Amino acid sequence: IDTVTTNEPSGEVVVTPAEPSGESEDEMRILIVEDNDDLRKFMTGALSRNFKVTAVSDGEKAWEAIQKELPDLIVSDIMMPNMNGFELCRRVKSTFETSHIPVILLSALTGQEDELHGIIGMGADEYLTKPFDIKTLSGRITSTIKNRRLVGLRTINATTNKEPEPQQPVNNLN
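None of these values were measured; they are calculated from a predicted model. (Residues numbered from 1 in each chain as written. Predicted model: local features only at pLDDT ≥ 70, side-chain atom pairs only at ≥ 80, totals over all residues. Heavy atoms only, no water.)

Draft legend 1. Spatial organisation of the overall build of the protein. A tally of helices and strands in the protein yields five helices and seven strands. Listing each helix as α and each strand as β along the protein from the N terminus yields β-β-β-α-β-α-β-α-β-α-β-α. Within the span of the protein, comprising 174 residues, buried residues form 39% of the whole. The long-range fraction of contacts in the protein, counting pairs at least 24 apart against all pairs at least 6 apart in sequence, stands at 60%. As presented, the protein carries roughly 10,000 Å² of accessible surface, and 51% of it is formed by carbon and sulfur atoms. (Helix = DSSP H or I, 4+ residues; strand = E, 2+ residues; numbered from the N terminus. Buried < 20%, exposed > 50% of the residue type's maximum accessible area, 1.4 Å probe, protein only. Contact = heavy atoms within 4.5 Å. Areas by Shrake-Rupley, 256 points an atom, 1.4 Å probe, with all protein chains shown as cover.)

Draft legend 2. Region of interest: the packing of aromatic side chains. One pass over the structure, following the stated rule, counts zero aromatic pairs. Positioned over the ring face of Trp63 is Arg91, at 5.4 Å from the centre of the ring. (Phe/Tyr/Trp six-rings, centres within 6.5 Å; stacked < 30°, edge-to-face > 60°. Lys NZ or Arg CZ within 6 Å of the ring centre and 35° of its normal.)

Draft legend 3. Looking closely at helix H5 (residues 134-159). Spanning 26 residues, H5 covers 38 Å between terminal C-alpha atoms, matching the ideal 38 Å at 1.5 Å per step. Considered for burial, the residues of H5 that qualify are Ile134, Leu137, Ser138, Gly139, Ile141, Thr142, Ser143, Thr144, Ile145, Leu150 and Asn157. Considering only its buried residues, H5 is in contact with strand E3 (29-33), helix H1 (37-47), strand E5 (73-77), strand E6 (103-107) and strand E7 (126-129). Its side-chain oxygen 3.2 Å from the backbone nitrogen of Lys135, Asp133 forms the N-cap of H5. (Expected span 1.5 Å × (residues − 1). Polar contact = N/O pair within 3.5 Å; in protein donor to acceptor, adjacent residues only side chain to side chain.)

Draft legend 4. A look at H1. The complete set of buried residues in H1 reads Arg40, Met43, Thr44 and Leu47. Summarising the axial view, the buried residues of H1 lie within an arc of 100°, below the 170-degree limit, and thus occupy one face. Every exposed residue of H1 that faces more than 90 degrees away from the buried side is listed here: Asp38 and Lys41. Of the residues flanking the start of H1, the one acting as N-cap is Asn36, its side-chain oxygen 3.0 Å from the backbone nitrogen of Asp38. (Arc of directions from axis to C-beta.)

Draft legend 5. Examining the packing of helix H2 (residues 59-68) against helix H3 (residues 85-94) more closely. As a packed pair, H2 and H3 sit with axes 9 Å apart at the nearest point and diverge in direction by 25°. Judged on the interaxial angle alone, H3 and H2 are roughly parallel. For the crossing formed where H2 meets H3, the hand is right-handed. In this structure, H2 uses Gly59, Ala62, Trp63 and Ile66 to contact H3, whose residues at the interface are Leu88, Arg91 and Val92. When the residues that make up the contact of H2 with H3 are grouped by side-chain class, the tally is five nonpolar, one polar and one charged. (Axes fitted to C-alpha atoms, helices over the stretch in contact; angles between N-to-C directions. Parallel < 35°, antiparallel > 145°, perpendicular 65-115°, else oblique. Left-handed = near helix turned anticlockwise from the far one by under 90°. Nonpolar A, V, L, I, M, F, W, Y, C, P; charged D, E, K, R; others polar.)

Right under this line is the structure:
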């Protein structure tokens, strides 16, 4: 059974997987930012099987959590109190220490203009409309993190003149 710890009154939820993987380099840390308690708990429970999950209820709490520990990826709702998902994404992407972190925005907003604003205007890596399939979200998270890590390894190898091992980009969507 996963251990779920709620840090009141901040609303932060930390989930420790039932079988901790230790601090291996394969461990994927994600931050979920969602103001709807039921949806946040559902996502946390479903995604904690494959990821180390921290979940908070708004953008301000997310920014505080990011300062404590950099996640590998952020999944954020757009419409939230205090700091919305667009502002959180803008802040993450415009700060040197966090600009490399991929952001997936979730929203009930379905207009193409909203999607373009999130992806192009704010630098989000992905945009999913609610309702969404949790397996699709999980696959996109895994693919995005693995591909980002692959690009990082290639960059490091290129700067150190090492020949990279051939690897295929990851697609977990099929």
